[in-house]
Amino acid sequence: MSQLLRDIAFGFRLLISKPGFAAVAILTLALGIGANTAIFSVVYATLLADPPYPHPEQIVAIWSRNHGENGGISAGDFLEWQKQNTVFQQLSAYTGFGVNLATSTRPERVAGQIVSPGFISLLGYPLLFGRDLLPEEAVVGKDHEAVLANRIWKTRFAADPAIVGRQVQMNGEPYTIVGVLAPGVADRMHQVVYVPLAFKPERMGHGFRWLAAIARLKPGVTVAQANAEMNAIAQRLAADYPDADKNWDVSVEPLKNDFVDDDVLRALWLFMGAVGFLLLIACANVANLLLARGTTRAKEVAVRSALGASRANLFRQFLAESFALALVGCAAGVVLAAILLQVILAHLPEYMLPSDVDVRLNLPVLLFTAASALVAGLLFGSAPAWQASRMNLNEALKQGGRASGNSGRHGLRRGLVVLEMALALTLLAGGGLALHSLWNIAHRELGVRIDHLLTFYIPVPAGQMNDADRSRALYRQIEDRVAALPGVTAVGISEGLPVQGAFFTMGIVVEGKSSDDRTQVDFNMVNPGYFHAFGVQLDRGRALEKSDVANGLRVAVVNETFAKKNLAGLDPLKQRVMIEQMVPGEPKLGAPVPWQIVGVYRDVRNRDQHGDVDPEIDVPFVQSPWPQAMISVRSAENPANLTDAIADIVESIDPNLPLSDVKTMEQVVEAEHDSDRFIALLFASFAGIALLLAALGIYGVMSFAVAQRTHEIGLRMALGADAHRVLALILREGVFLALAGVALGAVGAWFVGRSMRTLVVGVGTVDPAAFAMVSALLIASAVAACYIPARRATRVDPMQSLRDQ
């Protein structure tokens, strides 16, 4: 151990004595280790770390499942689960709760959660003061208590210590604050208000699935045992309530990773693979630097051998020097990782990771970094250590300290460059696919105009607007008064926006067909101004008009995809479709009613940006009103300037209504592309670093080769070779290495393409255009990296080089 420490100390002294070499090697390692550490921080926090709750191994998510697909839970099923289960300490249900929070200023829309009492204690959220929600408050009429998250207590209530017992207006009704959560994991959640879950009689059936559930297992109970019991309960419920629960079973799943999307999971592991490749490229680069430096230390090694140093001693010493370099590179990498992590988190899409994920440089991440550095030191240190231990003593002493020209060593260095090129091409191919996909998405035809449009949501509390006439009156007032603002040319009302898609999907049957032909389509309620605001183009028939009144003929327009999939071979304008009625405030649909199709419009991009356009049917808002709706305002001027005026209008109509999700349509479209943009830019960044490292690697090898071949080049020029031939000789060798790397990297590019197939749009497993472009870029980089040493070779003085030999 003492000898090892002396060798490492000697390695540090060598680094100090060669600051130029040390700076290049440390920077190269820092790039590889820093990128690995930053990405592993995200992967560890998301996929490997336990959820930040007490005894997280006991917490499970519970889903009703139909034909293998997880779905919501009905109130009736949940209450039976609570009665019949014997495997859970606690079982809690929850659902989303939009809150119009009114304080001294205008109402603000915030996210809340309706939770069964015990939910907060199940997750182990500590209270700063006050109390939790009580079981007796889960009763209609006694359910107007609330617990606040710490961050909203600070931002909206000025950290008032006397907040407990105070009444606040939420959704136009008084709620009493009974507790405030302590700072911690709850502040990372989107929800900032928690109120009791009280079941109204009409929502206690088994068919309306509107809840989610979590539970804490009893000590000693496994997930498998919980699944067995819960599915036994599900079978009993299916027998008791066949109309609602037939074909429904239960899935009990560990909370860990349960809310991570499959595409996000794939992207995270691809990122981890990408930075792993970066570290390998960095190791190959440093190994080449050490191999080149090793040849200049031939005499030193020979003297050590002559004085009795064994091959094992020499191997250990060079490896210890590599570990010294790795330790310094590790320290620099951690600093770089901290910077990279802040950049990544600043650009991370809001909903890409679960809310409770805490991404930071913690002890497990730093241990991973240290292990990565040690492995890197072993990887890049083994080749020069092996070279030193195998050095021919007589040859080295005869060389008198001049660099040896052993072709085997040259072959090893060239092999490392080919490996670098292959790894770089693999990353470049991934980056090329991601960028090509992003270009395809950004240039995909939307079917609408998005310029000069302001959009916002009117979050009317559902309990206040169950009357269809009141909904019509509210939105008619908003439409008329906003349309009167200077510069406004159109006002659209809809349940969903283009690109985002409709809020609802409905089962429809073309009149005259069997109920077995029932299919799901997007269902949107819109006003006539919607088509003018977005510039939707008609293919045939007519759009919705003001003459389509509430008590008139029920009419609808459909998109081209609807007509192709559901009305093939039929004249769409002569068809009627049967759709179950949507009743605001009711947990079930009404009886089916017919809608006459009067128009077909050209497809508008909706829902999944990675897939095809979904079939959609649009009906007049006045014939199927809904309490909450989107408003879209087209203006001749900058639409963002209308925000305050529109907010004043809405406040004058109902002071409890805020504007929510106020964005221009361009911002809406940009937000839909956030994840694709993040993935593409991250892959492209890694690919750019890989390209830089590979170019530096080939530059280093060719520079050293030119220095080694000075005598040969001088002799060639003395015998008549001109500068162009010497230049071509060196460039040809560099291009050959790059081509070998491209050939090897093509295999890696194919595997990357297969892994990314669900993350990209409009490109195949192998995208010829992207592959050709990145291959040309890699070869061009290799040529550019070879040019400087090649030019240096053409300036060799033949007489001077021959005299030196």
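Treat the numbers as computed from the prediction; the structure is a model and nothing was measured. (Residues numbered from 1 in each chain as written. Predicted model: local features only at pLDDT ≥ 70, side-chain atom pairs only at ≥ 80, totals over all residues. Heavy atoms only, no water.)

## A few points about the pairing of strand β13 (residues 453-458)
Within β13, six of the six residues are buried, which leaves it mostly tucked inside the rest of the structure. For β13 and strand β22 (residues 629-635), the ladder comprises six bridges, and the chain directions are antiparallel. Opposite Thr455, over in β22, you have Ser632 as the bridge partner. Of the strand pairs in this sheet, β13 and strand β23 (residues 660-664) are connected by three bridges, and their pairing is antiparallel. Along β23, the bridge assignment pairs Leu454 with Thr664. (Buried < 20%, exposed > 50% of the residue type's maximum accessible area, 1.4 Å probe, protein only. Helix = DSSP H or I, 4+ residues; strand = E, 2+ residues; numbered from the N terminus. Pairing = 2+ DSSP bridges.)

## Things to note about the packing of aromatic side chains
Two descriptors summarise a pair of aromatic rings, namely the distance from one centre to the other and the angle between the planes of the rings. For the structure on display, the rule yields 18 aromatic pairs. Residues Phe199 and Trp210 carry aromatic rings whose centres are separated by 6.2 Å and whose planes lie at 85 degrees to one another, so their mutual orientation is edge-to-face. Here Phe199 is found in the loop between β10 (191-196) and β11 (209-217), whereas its partner Trp210 is found in strand β11, with eleven residues between them in sequence. With respect to class, Phe199 is no different from Trp210; both count as buried. Taken together, a centroid distance of 6.4 Å and an interplanar angle of 80 degrees make the contact between Tyr457 and Phe503 edge-to-face. A residue pair is termed long-range when its members are at least 10 positions apart, and Tyr457 in strand β13 and Phe503 in the loop between β14 (488-494) and β15 (504-510) qualify at 46 residues. (Phe/Tyr/Trp six-rings, centres within 6.5 Å; stacked < 30°, edge-to-face > 60°.)

## Focus: helix α5 (residues 150-157)
Along an α-helix, a turn takes 3.6 residues, which lines up residues three or four apart on a common side. Residues of α5 that are buried include every one of Asn150, Ile152, Trp153, Arg156 and Phe157, and no others. Buried residues in α5, looked at end-on, bunch into an arc of 165 degrees, giving them a common side. After α5 finishes, the residue Ala158 shows a positive phi value of roughly 55 degrees. (Arc of directions from axis to C-beta.)

## Points about the packing of helix α14 (residues 468-483) against helix α17 (residues 643-653)
The contact between α14 and α17 brings their axes to 10 Å, and the two run at 145 degrees. When the axes of α14 and α17 are compared, the crossing they make is right-handed. Taken together, the residues of α17 that come into contact with α14 (itself represented by Leu474, Gln477, Ile478, Arg481 and Val482) are Ile646, Ile649, Ser652 and Ile653. Across the contact of α14 with α17, the residue classes tally to six nonpolar, two polar and one charged. (Axes fitted to C-alpha atoms, helices over the stretch in contact; angles between N-to-C directions. Left-handed = near helix turned anticlockwise from the far one by under 90°. Contact = heavy atoms within 4.5 Å. Nonpolar A, V, L, I, M, F, W, Y, C, P; charged D, E, K, R; others polar.)

## Topic: the nonpolar core
Among the nonpolar cores identified, the biggest contains 72 residues, and Ile39, Phe271, Phe686 and Ile698 are the most heavily contacted of them. Every element with two or more residues in this core is listed here: α2 (19-48), α8 (262-296), α10 (311-347), α13 (407-442), α19 (674-708), α21 (723-755) and α22 (768-794). Of the residues forming this core, the biggest block, 15 residues, is contributed by α19. Among the nonpolar cores identified, the runner-up in size contains 45 residues, and Ile458, Tyr475, Trp595 and Ile631 belong to it. (Core = buried A, V, L, I, M, F, W, Y, C linked by side-chain atoms within 4.5 Å.)

## Considerations on the layout of surface pockets
A volume near 520 Å³ is recorded for the second largest pocket. When contributions to the lining of the second largest pocket are tallied by element, the ones reaching two or more residues are α14, β14 and α15 (528-534). Broken down by class, the residue content of the lining of the second largest pocket amounts to 14 nonpolar, four polar and seven charged. (1 Å grid on protein atoms, 1.4 Å probe; cavity = no way out; pocket = protein on both sides within 12 Å on 5 of 7 lines; lining within 4 Å. Points joined across faces, edges and corners; volume = space filled by probe spheres on them.)

## A few points about empty space enclosed by the protein
Per the stated rule, a full pass over the model turns up eight cavities of 30 Å³ or more. Each pocket or cavity is described by its volume, and for the largest cavity that value is around 70 Å³. Lining the largest cavity are 13 residues, and of these Pro498, Tyr530, Tyr601, Val604 and Glu616 sit closest to its centre.

## Here we look at unusual backbone geometry
Here His67, not a glycine, exhibits a phi torsion of approximately 55 degrees, which is positive. Looking at the secondary structure, you find His67 in the loop between β1 (59-66) and β2 (69-71).

## Points about the pairing of β15
Among the seven residues of β15, six are classified as buried, and the element is accordingly described as predominantly covered. Across five bridges, β15 lies against strand β16 (residues 519-526) in antiparallel orientation. Paired with Met506 across the strands is Val521, a residue of β16. In the sheet, β15 pairs with strand β19 (residues 576-580) via three bridges, with the strands oriented antiparallel. Note that in β19 the partner of Val509 across the bridge is Met578.

Keep in mind these values describe shape, not function.
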